[in-house]
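Chain residues, written in single-letter form:
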Protein chains: 2
Amino acid sequence: MARFRYPQLCALARAAEVVGERWTLLIVRELLLGPRRFTDVKGRLDGVSASVLTQRLLALEESGLVVRRYLEPPAASTVYELTAAGRALEPAINALVSWGVRALVPVRPRERVESDWLRLALTAWARREPTPARSFTVRVRQPRREVAVRVVGGPDGTTVSEAGAPSDATLIADAQTMLGLVSGMLVPAAALRGGHVRLDGDPRALDDFPALFNA
Amino acid sequence: MARFRYPQLCALARAAEVVGERWTLLIVRELLLGPRRFTDVKGRLDGVSASVLTQRLLALEESGLVVRRYLEPPAASTVYELTAAGRALEPAINALVSWGVRALVPVRPRERVESDWLRLALTAWARREPTPARSFTVRVRQPRREVAVRVVGGPDGTTVSEAGAPSDATLIADAQTMLGLVSGMLVPAAALRGGHVRLDGDPRALDDFPALFNA
DNA sequence: CCGCATCCGTTTCGATACTG
DNA sequence: CAGTATCGAAACGGATGCGG
């Protein structure tokens, strides 16, 4: 791999050399969730080959973004972990996420969703001004399984976190519908009547849902 | 080109599909400076081939980040211009720049510098708290020519802009030295004694220079 | 000269198979 | 589990050509 891909003394070009290769940013995204094994990362990134993932992890290690840690027996495996320099990419990744949400719709067939990725997207949409004090469990139905996140409104704005804790209401829909509701393109009551959304819990909560996000 | 490179419903993956190809972010960086002709962009990006630049501009147009405008005679040429969606990338690019500055040093041989890129880097380093009310012209000497930006401290923090207006002092040095001064790795007085930096104007200003940036 | 299209040798990628 | 080996396909950089 050409180490010096762009002959420019420019910070953006330097960033692109380190994290601009195919898959690299998505690998960092996974490692931001915590140390991960080779197979764990590969399992999340459908389509990446073992050889390319090896190359990328090696390059990230050389660039000082990732360290490899050998776990003691009985674990006896290797994990890849972000360094401080790697974690420092988080603001840039969040900015790219905020920009990228506009392209999430339309949802494409056979596309995979993980709750971590859904959380990223909803966080980018979340309002920072005071929002209705409601809590929701957002469940997105996939062909093979469901993923869920928790969305909570409050005086400090909307927060998005892992699902688990009880909530006022649970919304169940496919990805396209849920993104429509979040982005304000779909009206909750209409989606409910149309049978695209299932609501468990407090029925009055549903109308507040769009107010938790920037339309 | 595979349009759907990552089969993931993730905003970061979507962003990477649109701007993650080689050269693409650097093309957007150039167009953020204003509408540009094909040849202008190509002239700034040493190493990009005409065919790849054509592909990228076409892809950016299809993605809605760029529009092509045909100028009337006597100009009679085409310019590429960012749309609102394209300009919306600026925060993400700035975040990547802020992260990338750490890799600017060491400067590599035969690397090109443009004043716009220098401005990006110094802006990322600029302090946002009140800084000494001094103005500097920063001139970076290259083998073939010199580039310059203007750095001004004040109660609202440091601002970096195009060179031109007069300033309290002018610093002239090569790129490596200048980045050393900005990053706090070099002490101004020592660099001056060592002959690595030339100072025109108020000699007392020099000691304030590092205070304009986050070390 | 400007904006591309085409050709060609090299690099990189993705899929599969294989190994300690 | 964590990669390595291999191989055809795609992408890339550089050169050339060509219509406007």
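## Notes on the overall build of chain A
Then step 1. Regarding its fold elements, chain A presents nine helices and seven strands.
Then step 2. Based on the C-alpha atoms only, the size of chain A along its principal axes is roughly 55 × 45 × 35 Å.
Then step 3. Sequence-distant contacts, at least 24 apart, represent 60% of the contacts inside chain A between residues at least 6 apart.
Then step 4. With the model as given, the accessible surface of chain A reaches about 10,100 Å², and the carbon-plus-sulfur share is 52%.
Then step 5. For chain A, the centre of its 29 positive side-chain charges and the centre of its 23 negative side-chain charges are spaced 4 Å apart.

## Describing the interface of chain B and chain A
Then step 1. Listed per partner, the contact involves 51 residues of chain B and 51 residues of chain A.
Then step 2. Along the contact surface separating chain B from chain A lie four salt bridges.
Then step 3. The shortest N-O distance in the salt bridge between Arg-14 of chain A and Glu-111 of chain B comes to 2.5 Å.
Then step 4. One can count 20 residue pairs in polar contact (both at pLDDT 80 or more) joining chain B with chain A.
Then step 5. Its residues placed into classes, the side of chain B that touches chain A shows 35 nonpolar, three polar and 13 charged.

## Details of the relation of the copies chain B and chain A
Then step 1. Mapping chain B onto chain A calls for a rotation angle of 180 degrees and an axial translation of 0.0 Å; the resulting RMSD is 0.0 Å. Expressed as an axis order, the relation between the two copies is that of a two-fold axis.
Then step 2. Taken as a fraction of all interface residues of chain B, those also at the interface in chain A reach 100%, which identifies the copy contact as same-surface.

## As for the side chain of Ser-135 of chain A
Residues and elements named next belong to chain A.
Then step 1. By the secondary structure assignment, Ser-135 is in strand β3 (residues 135-141).
Then step 2. By relative accessible area, Ser-135 is classed as buried at 9%.
Then step 3. A polar contact is formed between the side chain of Ser-135 and the backbone nitrogen of Asp-168, at a distance of 2.9 Å.
Then step 4. With residues up to four places along the chain from it excluded, the contact list for Ser-135 reads Arg-150, Val-151, Val-152, Pro-166, Ser-167, Asp-168 and Ala-169.

## Thoughts on the pairing of β3 of chain A
Residue and element names in this part refer to chain A.
Then step 1. The buried count for β3 comes to five of seven residues, which makes it a mostly enclosed element.
Then step 2. As paired strands, β3 and strand β4 (residues 146-152) are joined by seven bridges and run antiparallel to one another. Considered in β4, the bridge of Val-138 is made with Val-149.
Then step 3. Pairing geometry for β3 and strand β6 (residues 169-174), over six bridges, is parallel. Counterpart to Val-140 in the pairing with β6 is Ala-173.

## Focus on the packing of helix α2 (residues 24-31) of chain B against helix α4 (residues 50-62) of chain B
Residue and element names in this part refer to chain B.
Then step 1. Running from N to C, α2 and α4 cross one another at 70 degrees; their axes reach a closest spacing of 10 Å. Accordingly, the angle class assigned to the pair α2 and α4 is roughly perpendicular. Every residue of α4 that contacts α2 at Thr-24, Ile-27 and Val-28 is listed here: Leu-53, Arg-56, Leu-57 and Leu-60.
Then step 2. Residue composition of the contact of α2 with α4, grouped by class: five nonpolar, one polar and one charged.

## With respect to the sheet that holds strand β6 (residues 169-174) of chain B
Residues and elements named next belong to chain B.
Then step 1. Taking strand neighbours across the sheet as the criterion, the five strands line up as β5-β4-β3-β6-β7 in an open arrangement whose pairing is mixed. Bordering the open sheet on either side are β5 (159-162) and β7 (197-201), each of which pairs with just one other strand. Neighbour-to-neighbour, the strand axes of this sheet turn through a mean angle of 25 degrees, independent of strand direction.
Then step 2. Seen against the sheet, helix α7 (residues 115-125) touches β3 (135-141), β4 (146-152) and β5 and runs at an angle of roughly 35 degrees to β4.
Then step 3. In this fold helix α8 (residues 175-183) packs onto β3, β6 and β7, with an angle of close to 125 degrees to the strand it touches most, β6.

## So, the protein's contact with DNA strand C
Then step 1. Around DNA strand C, 18 residues are found, and the nearest of them are Arg-56 of chain A together with Phe-38, Thr-39, Arg-68 and Tyr-80 of chain B.
Then step 2. Across the atoms of DNA strand C situated within 4 Å of the protein, the share located in sugar and phosphate is 82%.
Then step 3. Here a phosphate oxygen of DNA strand C and a side-chain polar atom of Thr-39 of chain B are 2.6 Å apart.
Then step 4. Of all the secondary structure elements, the ones that give two or more residues to the surface near DNA strand C are α4 (50-62) of chain A together with α3 (38-44), α4 and β2 (78-82) of chain B.
Then step 5. A per-element tally of the surface near DNA strand C places α4 of chain B first, with three residues.
Then step 6. For the surface near DNA strand C, a count of residues per class yields six nonpolar, seven polar and five charged.

Definitions and limits used
Residues numbered from 1 in each chain as written. Chains lettered and ligands numbered in written order. Predicted model: local features only at pLDDT ≥ 70, side-chain atom pairs only at ≥ 80, totals over all residues. Heavy atoms only, no water. Helix = DSSP H or I, 4+ residues; strand = E, 2+ residues; numbered from the N terminus. Contact = heavy atoms within 4.5 Å. Areas by Shrake-Rupley, 256 points an atom, 1.4 Å probe, with all protein chains shown as cover. Lys, Arg positive; Asp, Glu negative; His and termini not counted. Charge placed at Lys NZ, Arg CZ, Asp CG, Glu CD. Salt bridge = Lys/Arg side-chain N within 4 Å of Asp/Glu carboxyl O. Polar contact = N/O pair within 3.5 Å; in protein donor to acceptor, adjacent residues only side chain to side chain. Nonpolar A, V, L, I, M, F, W, Y, C, P; charged D, E, K, R; others polar. Least-squares fit on C-alpha atoms with pLDDT ≥ 70 in both. Buried < 20%, exposed > 50% of the residue type's maximum accessible area, 1.4 Å probe, protein only. Pairing = 2+ DSSP bridges. Axes fitted to C-alpha atoms, helices over the stretch in contact; angles between N-to-C directions. Parallel < 35°, antiparallel > 145°, perpendicular 65-115°, else oblique. Near = heavy atom within 4 Å.

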